[in-house]
Amino acid sequence: VALVAGAVLVQLGRLQNLGDLEEETEPDERETKLRARLASGWAALGTSNFAEAERHFRAAEKLEPEHFDALSGLYQIHKLRPDSEQWLAITEKLLSLPCDEPGRCRQQYNVLREARSLQPELSLSENTRCRLAINLAGIGAFNDADGLLGEDDAQSTEPALRRQALEALAELCRRQGDQSRTAHYLTRAEKLAG
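Parameters at a glance
- Residues numbered from 1 in each chain as written.
- Predicted model: local features only at pLDDT ≥ 70, side-chain atom pairs only at ≥ 80, totals over all residues.
- Heavy atoms only, no water.
- Axes fitted to C-alpha atoms, helices over the stretch in contact; angles between N-to-C directions.
- Helix = DSSP H or I, 4+ residues; strand = E, 2+ residues; numbered from the N terminus.
- Parallel < 35°, antiparallel > 145°, perpendicular 65-115°, else oblique.
- Left-handed = near helix turned anticlockwise from the far one by under 90°.
- Contact = heavy atoms within 4.5 Å.
- Nonpolar A, V, L, I, M, F, W, Y, C, P; charged D, E, K, R; others polar.
- Salt bridge = Lys/Arg side-chain N within 4 Å of Asp/Glu carboxyl O.
- Buried < 20%, exposed > 50% of the residue type's maximum accessible area, 1.4 Å probe, protein only.
- Polar contact = N/O pair within 3.5 Å; in protein donor to acceptor, adjacent residues only side chain to side chain.
- Phe/Tyr/Trp six-rings, centres within 6.5 Å; stacked < 30°, edge-to-face > 60°.
- Expected span 1.5 Å × (residues − 1).

Caption draft 1: Inspection of the packing of helix H4 (residues 68-78) against helix H6 (residues 102-118) at higher detail. Close contact between H4 and H6 brings their axes to 12 Å; oriented N to C, the two are set at 20°. Relative to H6, the element H4 lies roughly parallel. Considering the relative orientation of H4 and H6, their crossing is left-handed. Along the contact surface, H4 presents Phe 68, Asp 69, Tyr 75 and Gln 76, while H6 presents Arg 104, Gln 107, Gln 108, Val 111, Glu 114, Ala 115 and Leu 118. Here the residues of the contact of H4 with H6 are counted per class, giving five nonpolar, three polar and three charged.

Caption draft 2: Geometry of the pattern of salt bridges. Summed over all chains, the structure comprises 15 salt bridges. Ionic pairing is found between Glu 61 and Lys 93, a salt bridge with its closest N-O pair at 3.1 Å. Of this pair, Glu 61 sits in helix H3 (residues 50-63) while Lys 93 sits in helix H5 (residues 85-96), and the two are 32 residues apart along the sequence. Of the residues examined, Lys 93 reaches a relative accessible area of 27% and is grouped as partly exposed. Taking the shortest distance from any N to any O, the salt bridge between Arg 116 and Asp 144 comes out at 3.5 Å.

Caption draft 3: Layout of the side chain of Asp 153. Along the chain, Asp 153 falls in the loop between helix H8 (142-149) and helix H9 (159-175). Among the polar contacts made by the side chain of Asp 153, one reaches the side chain of Arg 188 at a distance of 2.6 Å. Apart from residues lying up to four places away in sequence, Asp 153 is in contact with Arg 162, Leu 166, Arg 188 and Leu 192.

Caption draft 4: Representation of H8 within the structure. Those residues of H8 lying buried are Phe 142, Asp 144, Ala 145, Leu 148 and Leu 149. If you follow the buried residues of H8, they end up packed against H6, helix H7 (126-138), H9 and helix H10 (179-193). With its phi angle positive at about 65°, Gly 150 sits one or two positions after the end of H8.

Caption draft 5: Spotlight on the packing of aromatic side chains. The full count for this structure, using the stated rule, is three aromatic pairs. For the ring pair Trp 42 and Phe 57, a centre distance of 5.0 Å and an interplane angle of 70° mean the geometry is edge-to-face. Of the two residues, Trp 42 sits in helix H2 (residues 27-46) while Phe 57 sits in helix H3, which places them 15 residues apart along the sequence. Residue classification places Trp 42 among the partly exposed residues on the basis of a relative accessible area of 33%. Between the aromatic rings of Phe 142 and Tyr 185, the centroid separation amounts to 6.1 Å while the plane-to-plane angle is 75°, which identifies the pairing as edge-to-face. You can see Phe 142 sitting in helix H8 and its partner Tyr 185 sitting in helix H10, a full 43 residues away along the chain.

Caption draft 6: Inspection of H7 at higher detail. Compared with an ideal rise of 1.5 Å per residue, which puts 13 residues at 18 Å, H7 spans 18 Å between its outermost C-alpha atoms and is within 8% of the ideal. Buried positions along H7 lie against H5, H6, H8 and H9. Of the residues one or two after H7, Gly 140 is the one with positive phi, at around 85°.

Caption draft 7: Highlighting the packing of H6 against H7. Between H6 and H7, the shortest axis-to-axis distance is 9 Å and the interhelical angle comes to 120°. The orientation of H6 relative to H7 falls into the category oblique. Where H6 crosses over H7, the two elements pack in a sense that is left-handed. Along the contact surface, H6 presents Cys 105, Gln 108, Tyr 109 and Leu 112, while H7 presents Leu 132, Asn 135 and Leu 136. The class makeup of the residues in the contact of H6 with H7 is five nonpolar, two polar and no charged.

Caption draft 8: Region of interest: the environment of Leu 161. Within the secondary structure layout, Leu 161 lies in helix H9. Residue Leu 161 is classed as buried on the basis of its relative accessible area, which comes to 10%. In this structure, the C-alpha to C-alpha distance between Leu 161 and Leu 192, residues 31 residues apart in sequence, is 9.8 Å. Beyond its immediate chain neighbours, meaning those up to four positions away, Leu 161 contacts Asn 127, Cys 130, Arg 131 and Ile 134.

Given below as structure tokens:
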């Protein structure tokens, strides 16, 4: 089975010319190109061909700039240099994406934990911290979501987004039956609304 899987990955890595088609495409054609680029990117990454993998992931990102899998692939490549500006930009973009499914939110959570281990002084923008706190609250990661926000609401440069994050934490606390914390986060959110 492993031999077959390896052969499939090698074959996928040979799909190099699929992205050389025109940029403007029909939705189905665009989706096909995107999937081919992603498959080729992951296959190249699986064989440690980082330049080829990046080429495919960048092409996928060009087709869909906020595609989670394309950004995840770029993150995997650039995490080898966690002190680079490129790694920080990719990490920031990946962590700021909205999540509409718990699996993606858990992947973001894992990226956050890994990024913090690679770069202990990781500094994210308030926009990213708020968006990520909303996503983490959705999967029950209370401590991490709360830690991303801190307590200094008055200094917020993103009051509307911060309010949404506080409301997401309040909802998590409500689901957990913690009325005191629910009231705390709702009070903080209301102060930002005023």
